[in-house]
Amino acid sequence: GGSVNHITRPNVGFVTTDEKIYRKYTLNASAEYGISNSKIYLDPSAYVFFQGPNRSVALGSDIKYMFKESSKYTGYYDEKSFLIGLYYRSADSFYSKIGLNWAGISFGAAYDFNISSLSVATNGMGGMEFFLRYRIGFEGKYNGFR
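The shown structure was predicted, so the numbers you read here are calculated from the model rather than taken from an experiment. (Residues numbered from 1 in each chain as written. Predicted model: local features only at pLDDT ≥ 70, side-chain atom pairs only at ≥ 80, totals over all residues. Heavy atoms only, no water.)

A. The arrangement of the overall build of the protein in detail. A tally of regular secondary structure across the protein gives one helix and nine strands. What you see in the protein, going N to C, is helices and strands ordered as β-β-β-β-β-β-β-β-α-β. Burial status across the protein gives 23% buried among its 146 residues. Within the protein, counting contacts between residues at least 6 apart in sequence, those at least 24 apart form 31% of the total. Of the accessible surface of the protein, which amounts to about 10,200 Å², a share of 61% is contributed by carbon and sulfur atoms. (Helix = DSSP H or I, 4+ residues; strand = E, 2+ residues; numbered from the N terminus. Buried < 20%, exposed > 50% of the residue type's maximum accessible area, 1.4 Å probe, protein only. Contact = heavy atoms within 4.5 Å. Areas by Shrake-Rupley, 256 points an atom, 1.4 Å probe, with all protein chains shown as cover.)

In structure tokens:
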């Protein structure tokens, strides 16, 4: 996937109108691989963004345990799964996450571990985050695309 934010480069200055925000370019890729004869799936992903002089790359994977897979043909049963993941954000941090997926809705928590010079300011403490996601058009894993 990909996106471009701030296409029109809006003004962000309070005093002058010469301060325009940089466009932000985002690319992301993910996949899902099932382990044969098990209820475990690997969900590796990569994320890259560029905004002016700023760059960020994140790589990692979730491990998903399927409580109940979605129906293959009827669509009667929705996916129910548990996930745990670990990611690396280039020269900045590691972050871990834990969550539940229920029929296209995901919710959970993530924790960021600083490894950059920011860890001096945060006294080695990271940041806690909570997430809630809804996938529009989610029809289970057998709909051809995710």
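After that view of the structure, there is still more to cover.
B. Up close: the packing of aromatic side chains. On inspection of all chains with the given rule, the structure shows five aromatic pairs. Ring centres of Tyr87 and Tyr95 lie 5.2 Å apart, and the angle between their planes is 10°; on these two criteria the pair is classed as stacked. Classification of Tyr87 as buried rests on a relative accessible area of 6%. (Phe/Tyr/Trp six-rings, centres within 6.5 Å; stacked < 30°, edge-to-face > 60°.)

C. Fine view of the pattern of salt bridges. Throughout the structure, instances matching the rule amount to five salt bridges. For Asp43, the salt bridge identified is with Lys64, shortest N-O distance 3.6 Å. Of this pair, Asp43 sits in strand β4 (residues 40–51) while Lys64 is found in strand β5 (residues 54–68), placing the two residues 21 residues apart along the sequence. Taken as a pair, Asp43 and Lys64 share a single burial class, namely buried. (Salt bridge = Lys/Arg side-chain N within 4 Å of Asp/Glu carboxyl O.)

D. A look at the side chain of Thr26. As for its placement among the helices and strands, Thr26 is situated in strand β2 (residues 24–30). Beyond its immediate sequence surroundings of up to four residues, Thr26 is in contact with Gly1, Gly2, Ser3, Asn5, Tyr47, Val48 and Phe49.

E. Layout of the confidence of the model for the protein. Taken over all residues, the pLDDT of the protein has a mean of 85, while the share at 70 or more is 87%. Within the protein, the lowest mean pLDDT, 80, falls on helix α1 (residues 118–121), and the highest, 95, falls on β2. Overall, residues 142–146 carries pLDDT values under 50, and its contacts beyond four positions in sequence, including any with other chains, amount to 10 contacts. (pLDDT = per-residue confidence, 0-100.)

F. Representation of unusual backbone geometry. Phi is positive for His6, which is not a glycine, with a value near 60°. Exposure remark for His6: the relative accessible area of 32% places this residue in the partly exposed category. Phi at Ala91 takes a positive value of approximately 50°, unusual for a residue other than glycine. Structurally, Ala91 can be placed in the loop between β6 (80–89) and β7 (93–102).

G. A look at the layout of surface pockets. Taken as a whole, the largest pocket holds about 1,000 Å³ of empty space. Looking at the largest pocket, it is lined by 31 residues, and the ones nearest its centre are Ser45, Asp62, Tyr87, Lys97 and Arg133. For the lining of the largest pocket, the elements supplying multiple residues, two or more each, are β2, β4, β5, β6, β7, β8 (105–114) and β9 (127–134). Grouping the amino acids of the lining of the largest pocket by side-chain chemistry returns 13 nonpolar, seven polar and 11 charged. (1 Å grid on protein atoms, 1.4 Å probe; cavity = no way out; pocket = protein on both sides within 12 Å on 5 of 7 lines; lining within 4 Å. Points joined across faces, edges and corners; volume = space filled by probe spheres on them. Nonpolar A, V, L, I, M, F, W, Y, C, P; charged D, E, K, R; others polar.)

H. Expanded view of the environment of Val12. Within the fold, Val12 resides in the loop between β1 (2–5) and β2. Given a relative accessible area of 44%, Val12 falls into the partly exposed group. Look past the residues within four positions of Val12 in its chain and what remains in contact with it is Glu19, Lys20 and Ile21.

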